[in-house]
Amino acid sequence: MTMEEVLTLERNETKLVGYSVTASLNQDLETGIVVRLREELFDKRHEITSRLDEDGIYLIQVYPEDEWTPDVPFVSIVAAEVSNFAYIPEGLVRHTIPAGIYVKVTHQGPESQIDGTYDSIRDRGISASRSFDFEYWTDIHSLEQKDSTIDIYMPWEA
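These remarks concern the structure in this document. Please read all numbers here as calculations on a predicted model, not as lab measurements. (Residues numbered from 1 in each chain as written. Predicted model: local features only at pLDDT ≥ 70, side-chain atom pairs only at ≥ 80, totals over all residues. Heavy atoms only, no water.)

### Notes on the overall build of the chain
Inclusion rule: Starting at the N terminus, helices and strands are each numbered in turn, a helix being any DSSP run of H or I of at least four residues and a strand any DSSP run of E of at least two. C-alpha atoms define the radius of gyration in this analysis, and the globule rule sets the expected value at 2.2 Å times the number of residues to the power 0.38. In this scheme, a residue with accessible area under 20% of its type's maximum is buried, one over 50% is exposed, and one in between is partly exposed, where area comes from a 1.4 Å probe on protein chains only. By the convention used here, residues are in contact when the closest approach between their heavy atoms is within 4.5 Å.
Counting secondary structure elements, the chain contains three helices and eight strands. Beginning at the N terminus, the succession of helices and strands in the chain can be written as β-β-α-α-β-β-β-β-α-β-β. Its C-alpha radius of gyration of 15 Å places the chain within 12% of the 15 Å reference for a compact globule of 158 residues. Reported as C-alpha extents along the three principal axes, the dimensions of the chain are approximately 40 × 35 × 35 Å. Looking at the chain as a whole, 46% of its 158 residues qualify as buried. Pairs at least 24 residues apart make up 78% of the contacts formed inside the chain by residues separated by at least 6 positions.

Take a look at the structure:
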């Protein structure tokens, strides 16, 4: 696992449609909730008519105001980017990532080792206290390959 690059960049608002679940990190690791939801979303992607990217999927993680630990539940949204919210298939939710300045960190390596990248982010003090972050997965079927990359975005808090 390596942290390939750290960039600060401006992003436009991003509209998303997908699944939402509230669970702790430990619950997710034990049961594979997020993995299951991303596979369901990938299988259902043809029903999302305003989808902008055929294969890319976002994971948005919205943290509680209390101090976060691996046992504290938080909201995970597994979603596809859309051009509009005109039609949302049954069972899916809409979510908007606000426009703004973000720190982008690229994780290189298997997804199962991404905790090391998050540890490095915390150790370097990059956006230490944030209400949310999100990941962008280009290809969910290659996430466990050693040359896989996952982009992690955190709102910039100057």
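### Thoughts on the pattern of salt bridges
The following threshold applies: Take a side-chain nitrogen of Lys or Arg and a carboxyl oxygen of Asp or Glu: if they are within 4 Å of each other, that pair is a salt bridge.
This model, assessed by the stated rule, comprises three salt bridges. Measuring nitrogen to oxygen at the nearest pair gives 3.2 Å for the salt bridge that ties E13 to K15. By relative accessible area, E13 is classed as partly exposed at 45%. Of the charged contacts in the structure, one is a salt bridge between K104 and D151, with a shortest N-O distance of 3.9 Å. Separated by 47 residues along the polypeptide, K104 in strand β6 (residues 100-108) and D151 in strand β8 (residues 149-155) bring together distant segments of the chain.

### Concerning the packing of aromatic side chains
Put simply, the test is: Each Phe, Tyr or Trp ring, with Trp reduced to its six-membered ring, pairs with another whose centre is within 6.5 Å; inter-plane angles below 30 degrees give stacked pairs, above 60 give edge-to-face pairs, and intermediate values give tilted ones.
Applying the stated rule across the entire model yields six aromatic pairs. On the numbers, 5.4 Å between centres and 40 degrees between planes, the contact of Y63 with F74 is tilted. Of this pair, Y63 sits in the loop between β3 (57-62) and β4 (74-82) while F74 sits in strand β4; the two residues are eleven residues apart in sequence, bridging distant segments of the chain. Under the relative-accessibility criterion, Y63 is labelled buried at 17%.

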